[in-house]
Every structure is written in C-alpha cells, then in structure tokens.
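# Structure assessment
Listed below, chain by chain, are the residues.
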Amino acid sequence: MALSMTHQIGSLAGTPIPVETGTTNSSETTASLSAASVWKSPANSLRCRVQKPEIVDALSPPVSPCRSPVLGSTRADLSVACRAFATEIEVETARSPAPVREYREEGAQVKGQGEKGVPVYVMMPLDSVTMNNTVNRKKAMNASLQALKSAGVEGIMMDVWWGLVERDAPGAYNWGGYAELLEMAKKHGLKVQAVMSFHKCGGNVGDSVTIPLPKWAGEEIEKDPDLAYTDQWGKRNNEYLSLGVDTLPVLKGRSPVQCYSDFMRAFRDNFKDLLGDTIVEIQVGMGPAGELRYPSYPESNGTWKFPGIGAFQCYDKYMLSSLKAAAEAAGKPKWGSTGPTDAGHYNNWPEDTSFFRKEGGGWNGTYGEFFLGWYSQMLLDHGERILMSAKSIFENSGVKISVKVAGIHWHYGTRSHAPELTAGYYNTRFRDGYLPIAQMLARHGAIFNFTCIEMRDHEQPQDALCAPEKLVKQVALATQKAQVPLAGENALPRYDDTAHEQILQAASLNIEGNSEGREMCAFTYLRMSPHLFQPENWRKFVAFVKKMKEGKDAHRCLEQVEREAEHFVHVTQPLVQEAAVALMH
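- The name an unreviewed UniProt entry gives the protein chain is Beta-amylase, with Fagus sylvatica as the organism.
- As stated in UniProt under Sequence similarities (unreviewed entry), the record for the protein chain gives "Belongs to the glycosyl hydrolase 14 family."

In structure tokens:
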C-alpha cells in the first residue's frame, strides 16, 4: 500500500506518522490526521467577499456536492490528498499526469521588479542528499515538492555540502544527488536557492545529521590543528576552516578560498543550464552554520549554552600572527601577543567579566577598540575575498548572490553586546556593527540574509536583555542606508500564527525613512518536516504564504485570506486524487 504523504514526509526526519488503519512503524507517533482539525466551519458573521480561484487542470473533475468547498458541513480529510500525492509518485513511471496547478487568487503573480509581496522559499532537510550522493527518500521528496508548489511557495533552499560533493579527493566532484534533486525542483516549477555549504553539519541548533568537511581537508587539519578556529583555552573548532588561512596553500597546495572558488566554479559549469531559471540564488557559506561569523557559541559537547556570551576565536597561530602584525602597525606591539584575557568563559554573562561589563569594561577602552576593530575587520575581509570570487564566477549567469548573517539577539540590551562581539560583529550601544557588513555586501551587489525574523522581544528571557525585534529593526535600517536588499529566515521552527504575524510585520520593513514601499526581497521558511505537513500547521502555512505574497499594501481582511487558504487546501484534494486514481488503472 502506498504510504500517505505524512508518512512520506515523516520519513524525511525519521518520524513515522500513523494513518487511519492504526498501523504504525515505531513507538514514536505524532497526532493522527483529523478532518475536524483541518476544516473549520465559516463564521456566520463573516462578511468578506470570497474570490474563487481560477484553477485549470486537464485532470480536474467537476466538484461534487460532497466536496464543495463552500459547504462547511462536509470536509475532506487532508490525509486522502496526502495519500494521493504518494500514490501518484509511486506509479509516475507509468504515466506523466498534468501537474497540480499552483493556487493563486486573482491578480496574484510571482514578485518581480516593482511588484509587491514577498516570495516564500522553504528550507529542505539537511540530509536531502545522502552520504552516497543520492536523493534521500525520493518518493517523499517528490510528493513534498509538489505540495509546496501547489501552496504557492516560490521555491526551496538546499544545502550543497562541500563535504559530500568533494569528499574523497581534491577536485573530484560528485554532483549526483544534487543533479537529481534540482531536476525534481525544475519539474515542479520551483526555484532554488543553492547554499554553498563549506561548513560541517552537526553541533549547532537544529542539526539533525553529521556531515564533516571533506576527508582530505580533515587530514590536513589533523596534521596542522591550527587550521581550525581556536579559543584561548586551546579548544579547537573544526566546523569551518580558520579565516586566518584563507589565502595560504594549506589544503594540498590550494588555499581555502581557492577551494571554495573551484567548488563554486564546478557547480556553475555543471548546472549552467539551470542557472537563472531554476537556480536563482547562490548563498555563499562563510562560517559555521553557513553564516558570516566566528564559531563563538558552539553547542557541541555542551561547550556553550544559551544565553552565554561565547568566546573569541582568534588563538590559532595564523590569527595570532595577523594580530601581532596589526598591533605592531598600530605602534602597540604588546597588544599583539594574545586576545583579551578577561573576557570570561562561554557561559558567562557580560557583568561577570572585566572586559564586557558596562562600567569601565575593556571593550570601551583603547585596547578594546583596537582588538575589536581588528577582529571584526578580519571577518569583513574574509567575506570580501569570497564575495569577490563568487561575483566573478556567477557574473552574467542570472543568479543573485547572498550572504547569511546570524541573529544574535541575547544581551542586545546591554552596552557591550558581548555575544555579538565574540561572533565578530562590532556592534555596541555606541557603534553600528551591521552597517559595515551591509556596505561590504552592497559593493558586490549581494543580498543581506538575516535570521530571527520570527521572534518577539517578550518571548525571550528578559533577564538576558534579549531584543530580537530591535535587532531586526537595526539591521533593516543598516540595509536601507547601504541600499542592499534584505532577505529573512526564521531562526527556529515555528508553525503558529503569532510567529507568522511577526514575520509578516518584519518583512514589510515598516521603518523610519522607508518611503518607497520597500519590503524584504524574499523569506526562507525553516524547514520542511513532518510537522509542517500536519493538517493544522499546513492550513496556517498556506494562509501565511498567501499573505506574504500579497504584500504589505494589501487591504483584504484576515478572515478572507484564511478562508481562501482553506478553500485551496480543499480544492486541490480532488485534483490529486483524480490523478492518482487515473494512474492506478
């Protein structure tokens, strides 16, 4: 028997979900599907005019009275449609049906220059491609992509792992699984944000799998441990190669930047026919978790726990050599022997340390200004080097380049902003650390991609002075001043209306000086999982996508948008069911 879509999606994260037969695959279960949880009777007081969508499909049967979306008394179970997705994929080799059309209200269209609305992308599972370079759980992936497209999602974001593609030998690239996955996205009409993931997967928030750096790179780190970022206690971090060796031929005759460039060039050459059409964005990984930062708050082995201040990562011999040269150039050679020794430990708070405390803290003194200026500039130079290469490689290919910046919102309300400083963002009560990043990206025409868009200040621990909303506003102002496009992501999985509303508000960029109606250029939703496809979460997600695409100037009432979302969830059911029934005979 074909698995239901929720079973297939469950397999993406190893989470089985029971169907109505009562059969389960393990003791781990999630809430069973329920028609009552999917459909709600329209409120009697609702006075919005519902615009029926235009849906064209060769296999669409007439909507029978029992399926009619305007009759609230009888609602189809989403699981029927889910199983139809699965059945269709299972027998797709027998016949290729007309695809299920994307649902759009009248006048809706994909955002282009001068158009309103924010296109939504969805992050794929971290292990979408296996260690054997094949698509992981292909049937589930195919069904999922079809569902996302039908919901009006613009596209997907996928990690292209350096540690998978160039795993065995320098310059030996195996694109097998990615070629297949990209073709699947193309078949379903989804655009792709491809992340050049030059970091290790595993050890950070949300990491469900472990994908190391290429074997041959790991061998070089074993020979020379200083290729890895190092803290003041000598603890090494091999998530990402130290930027101190960016231009040194330490990887079997090539520098890390050369390796990154060769990888991007090979990706371009291998997928040149998809660039600008299916592949529309290249996000260039620049640090741990793919973000432009130092690995200052590693969760692996319990080293760091939220909301600790983290620790500076400049104690490998290559970084210390650069620090020494900078100190000598500044006429302060004694400052070049080490980083701050009074900055506390990973899990301290600012006031626990002499360096970060608000009164008389070293961060605000002459030495602190020198060190933090050098530390943050090294990160900016790292970003500049890789961006220059990426821009040259993908020039005139029709793709945009983006860079991800971490949303470090804890202790934001303090004067020193310690966690931001240890990560390499020289942002304090008295200094804007995000404007230099935005200006660097603007020089190369890159997109500023920022996280924690879904968070509200009051949801976070106030004793740690967390302020994600204020942080997002500061970044929005910096990108506005630098005239660089801003895109967003949610930092943690959220499926509730509160988070959706916060994202909608943040994406509208209602900030001082935004007189041109500027909005975020895109939003990437974290992440495709079994939870997203659970009935109530899916209904809310569909409504969220519709509202994002309409843009901030849309004046339709919320009830109307939500009712149209319910209409969509229902009306696509007979389409996919009819296709599945036709294919089974």
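Structure shown, so let's carry the discussion forward.
### A word on the UniProt feature "active site" (unreviewed entry) in the protein chain
- Per the UniProt annotation, the sites labelled "active site" (unreviewed entry) are Glu291 and Glu489. The greatest C-alpha distance among the annotated residues, which extend across 199 residues, is 12.2 Å, indicating that they converge on a single site.
- You can see Glu291 is positioned in the loop between strand S6 (279–284) and helix H9 (317–329).
- The exposure class of Glu291 is buried, given its relative accessible area of 8%.

### So, helix H15 (residues 535–550)
- If you check H15, its first and last C-alpha atoms are 23 Å apart, about what 16 residues at 1.5 Å a residue would give, namely 22 Å.
- Buried residues dominate H15, accounting for 15 of its 16 residues.
- Of the residues one or two after H15, Gly551 is the one with positive phi, at around 85°.

### Quick look at the UniProt feature "binding site: substrate" (unreviewed entry) in the protein chain
- Mapped onto this numbering, the UniProt entry gives "binding site: substrate" (unreviewed entry) at Asp159, His199, Asp207, Lys404, His409, Thr451, Asn490, Ala491 and Arg527.
- Tracing the sequence through the fold places Asn490 in the loop between strand S9 (486–489) and helix H14 (497–507).
- Assessed through its relative accessible area of 2%, Asn490 is described here as buried.
- If we ignore the near neighbours within four places in the chain, the residues touching Asn490 are Cys452, Glu454, Phe523, Thr524, Tyr525 and Leu526.
- At 3.1 Å, the side chain of Asn490 and the backbone oxygen of Leu492 are in polar contact.

### Overview of the confidence of the model for the protein chain
- For the protein chain, the mean per-residue pLDDT works out to 82, and 75% of the residues sit at or above 70.
- Counting contacts from residues 1–112, a segment whose pLDDT is below 50, to residues more than four positions away or on other chains yields 214 contacts.
- Segment residues 574–585: pLDDT under 50, and 28 contacts once partners within four positions in sequence are set aside and those in other chains are kept.

### Quick look at helix H8 (residues 256–270)
- With 15 residues, H8 should cover 21 Å at 1.5 Å per step; its first-to-last C-alpha distance of 21 Å lies within 8% of that length.
- Listing the buried residues of H8 in full gives Pro256, Val257, Cys259, Tyr260, Ser261, Phe263, Met264, Ala266 and Phe267.

### Observations regarding the sheet that holds strand S1 (residues 120–123)
- In spatial order, the strands read S1-S2-S3-S6-S7-S8-S9-S10; together these 8 strands close into a barrel with parallel pairing. Adjacent strand axes in the sheet meet at a mean angle of 30°, parallel and antiparallel pairs treated alike.
- Strand direction decides the pairing type here: strand S3 (residues 191–197) and S6, joined by 5 bridges, are parallel. Of the residues in S6, the one forming a bridge with Val192 is Ile279.

### Topic: the pattern of salt bridges
- Counting across every chain of the model gives 22 salt bridges.
- The partner of Arg443 in a salt bridge is Glu384, with the nearest N and O atoms 2.8 Å apart. Highlighted residues: Arg443 in helix H12 (residues 435–443) and Glu384 in helix H10 (residues 366–394), separated in sequence by 59 residues.
- Between Glu489 and Lys404 there is a salt bridge whose closest N-O contact spans 3.1 Å. Linking Glu489 in strand S9 with Lys404 in strand S7 (residues 400–405), this pair joins segments that are 85 residues apart in sequence.
- By relative accessible area, which is 1% here, Glu489 ends up buried.
- The exposure class assigned to Lys404 is buried, which follows from its relative accessible area of 12%.

How each quantity is defined
Residues numbered from 1 in each chain as written. Predicted model: local features only at pLDDT ≥ 70, side-chain atom pairs only at ≥ 80, totals over all residues. Heavy atoms only, no water. UniProt positions renumbered as here; feature names shortened; annotations may be inferred. Helix = DSSP H or I, 4+ residues; strand = E, 2+ residues; numbered from the N terminus. Buried < 20%, exposed > 50% of the residue type's maximum accessible area, 1.4 Å probe, protein only. Expected span 1.5 Å × (residues − 1). Contact = heavy atoms within 4.5 Å. Polar contact = N/O pair within 3.5 Å; in protein donor to acceptor, adjacent residues only side chain to side chain. pLDDT = per-residue confidence, 0-100. Pairing = 2+ DSSP bridges. Axes fitted to C-alpha atoms, helices over the stretch in contact; angles between N-to-C directions. Salt bridge = Lys/Arg side-chain N within 4 Å of Asp/Glu carboxyl O.

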